Amino acid sequence: DGGITQSPKYLFRKEGQNVTLSCEQNLNHDAMYWYRQDPGQGLRLIYYSQIVNDFQKGDIAEGYSVSREKKESFPLTVTSAQKNPTAFYLCASSPTGQAKGGYTFGSGTRLTVV
Amino acid sequence: AQSVTQLDSHVSVSEGTPVLLRCNYSSSYSPSLFWYVQHPNKGLQLLLKYTSAATLVKGINGFEAEFKKSETSFHLTKPSAHMSDAAEYFCVVRGGNTPLVFGKGTRLSVIA
């Protein structure tokens, strides 16, 4: 079955460390997205990519970095510059940037800073 | 620019009674509108979408929503709530070639 796989499901990080969240899709979608979810704040866009080797900042990109070297993969790195990284992170994809049909979401990674 | 306002952060209903989750939107373009549902610690599932066809949109699990341009609203309804409907619901807008913009969510509780 086609879908989006996020790993790991739970991740713990010490303060000052970088950590990378994985997102892989086998839907042959061109566009991929990273959102951060905090209680009562909905989903906020971190980065998105509409094509391989190209990506754009979203509303809260500071302290995060991404790469898009392959169509099926869009890893997110949470750097030590991110002051409050504890959150639920969701990856999504759509066939194109038009996304008239909405997005397909992964099941998320919960990151906790300890 | 696009934005979404979900008018209630929490709605509580009794099982078997109607559900109404309210959403107002703002968009510079002719918008596409969506409702997503999220169960605890899960990803989001698409309930229904409006993309400039019929204004009354039917989705999965008995949910429907009506697009009202004059009121800039896209409220989600269901005639009879079930315990399994308890979840977080997000109203979402898209205009032009921009990423989806999410509301802050409405938590639906269903009381037995």
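Going by the structure above, here's the rest.
Read on for a plain summary of the structure. (Residues numbered from 1 in each chain as written. Chains lettered and ligands numbered in written order. Predicted model: local features only at pLDDT ≥ 70, side-chain atom pairs only at ≥ 80, totals over all residues. Heavy atoms only, no water.)

### Quick word on the pairing of strand S10 (residues 87-94) of chain B
Moving residue by residue along a regular strand, the side chains alternate between the two faces of the sheet. Residues and elements named next belong to chain B. What counts is decided by this rule: Throughout, exposure labels follow a simple rule: accessible area from a 1.4 Å probe, protein chains only, divided by the maximum for the residue type, with under 20% read as buried, over 50% as exposed, and the rest as partly exposed. A run of H or I in DSSP counts as a helix once it spans at least four residues, and a run of E counts as a strand once it spans at least two, with each numbered from the N terminus. What makes two strands pair is DSSP finding at least two bridges between them.
Taking burial as the measure, the eight residues of S10 include seven buried ones, the bulk of the element. Bridging between S10 and strand S12 (residues 106-111) involves three bridges; their strand directions are antiparallel. Looking at S12, one finds that Glu 88 is bridged to Arg 107. Of the strand pairs in this sheet, S10 and strand S11 (residues 101-102) are connected by two bridges, and their pairing is antiparallel. In the sheet register, Val 92 faces S11, and the bridge partner there is Phe 102. Linking two consecutive strands that pair antiparallel, namely S10 and S11, is a turn of six residues; a positive phi of about 65° is found at Gly 96 within it.

### Describing the state of the cysteines
All names here are of chain A. To be explicit about the condition: Only a pair of cysteine sulfur atoms within 2.5 Å counts as a disulfide in this structure description.
Scanning all chains against the criterion turns up two disulfides over all chains. A sulfur-sulfur separation of 1.9 Å characterises the disulfide bridge that pairs Cys 23 with Cys 91. Between Cys 23 and Cys 91, the disulfide has an S-S torsion of -75° and is therefore left-handed. A residue pair is termed long-range when its members are at least 10 positions apart, and Cys 23 in strand S3 (residues 19-25) and Cys 91 in strand S9 (residues 87-94) qualify at 68 residues.

### With respect to the interface of chain A and chain B
By a widespread convention, an interface's size corresponds to the accessible area lost as its parts come together. The cut-off we apply is this: The criterion used for residue contact is that any of the two residues' heavy atoms lie within 4.5 Å. Accessible surface is computed with a 1.4 Å probe, and the buried area is the amount of it that two parts give up when combined, taken over both parts together. A side-chain nitrogen of Lys or Arg and a carboxyl oxygen of Asp or Glu constitute a salt bridge if their distance falls within 4 Å. In protein, a polar contact means a hydrogen-donor-capable atom and an acceptor-capable atom, both N or O and within 3.5 Å, with residues adjacent in sequence counting only if both atoms are side-chain atoms; elsewhere, any N or O pair within 3.5 Å suffices. Throughout, the ten residues Ala, Val, Leu, Ile, Met, Phe, Trp, Tyr, Cys and Pro are labelled nonpolar, Asp, Glu, Lys and Arg are labelled charged, and all others, Gly among them, are labelled polar.
If you look at the interface, chain A gives 24 residues, while chain B gives 18 residues. Across the interface of chain A and chain B, roughly 1,700 Å² is buried in total on both sides, 51% from carbon and sulfur atoms. Linking chain A with chain B are zero salt bridges, by the criterion used here. On the surface where chain A and chain B come into contact, there are four residue pairs in polar contact (both at pLDDT 80 or more). If you list the elements that add at least two residues to the side of chain A that touches chain B, you get strand S4 (31-37), strand S5 (43-51) and S9 of chain A. With four residues, S5(A) is the single largest residue contributor to the side of chain A that touches chain B. When its residues are assigned to classes, the side of chain A that touches chain B shows ten nonpolar, eleven polar and three charged.

### Remarks on the environment of A:Gly42
Mapped onto the elements of the fold, A:Gly42 is located in the loop between S4 and S5. A:Gly42 sits in the buried class, given a relative accessible area of 2%. Measuring from C-alpha to C-alpha, the distance between A:Gly42 and A:Glu15 comes to 25 Å, with 27 residues separating the pair along the chain. Filtering out sequence-adjacent residues up to four positions away, A:Gly42 remains in contact with A:Arg36, A:Gln37, B:Phe90, B:Gly103 and B:Lys104.

### Side note on the pattern of salt bridges
Under the counting rule described, the total for this entry stands at six salt bridges over all chains. Where A:Lys71 meets A:Asp30, a salt bridge forms, and the shortest distance between an N and an O atom there is 3.3 Å. On the criterion of sequence distance, the pair formed by A:Lys71 in the loop between strand S7 (64-66) and strand S8 (76-78) and A:Asp30 in the loop between S3 and S4 is long-range, its members being 41 residues apart. With a relative accessible area of 27%, A:Lys71 lands in the partly exposed category. Assessed through its relative accessible area of 30%, A:Asp30 is described here as partly exposed. In this structure, the salt-bridge partner of B:Lys78 is B:Asp85, at a minimum N-O distance of 2.8 Å. Three or more residues are tied together by salt bridges with common partners; here these are A:Arg36, A:Asp38 and A:Arg44.

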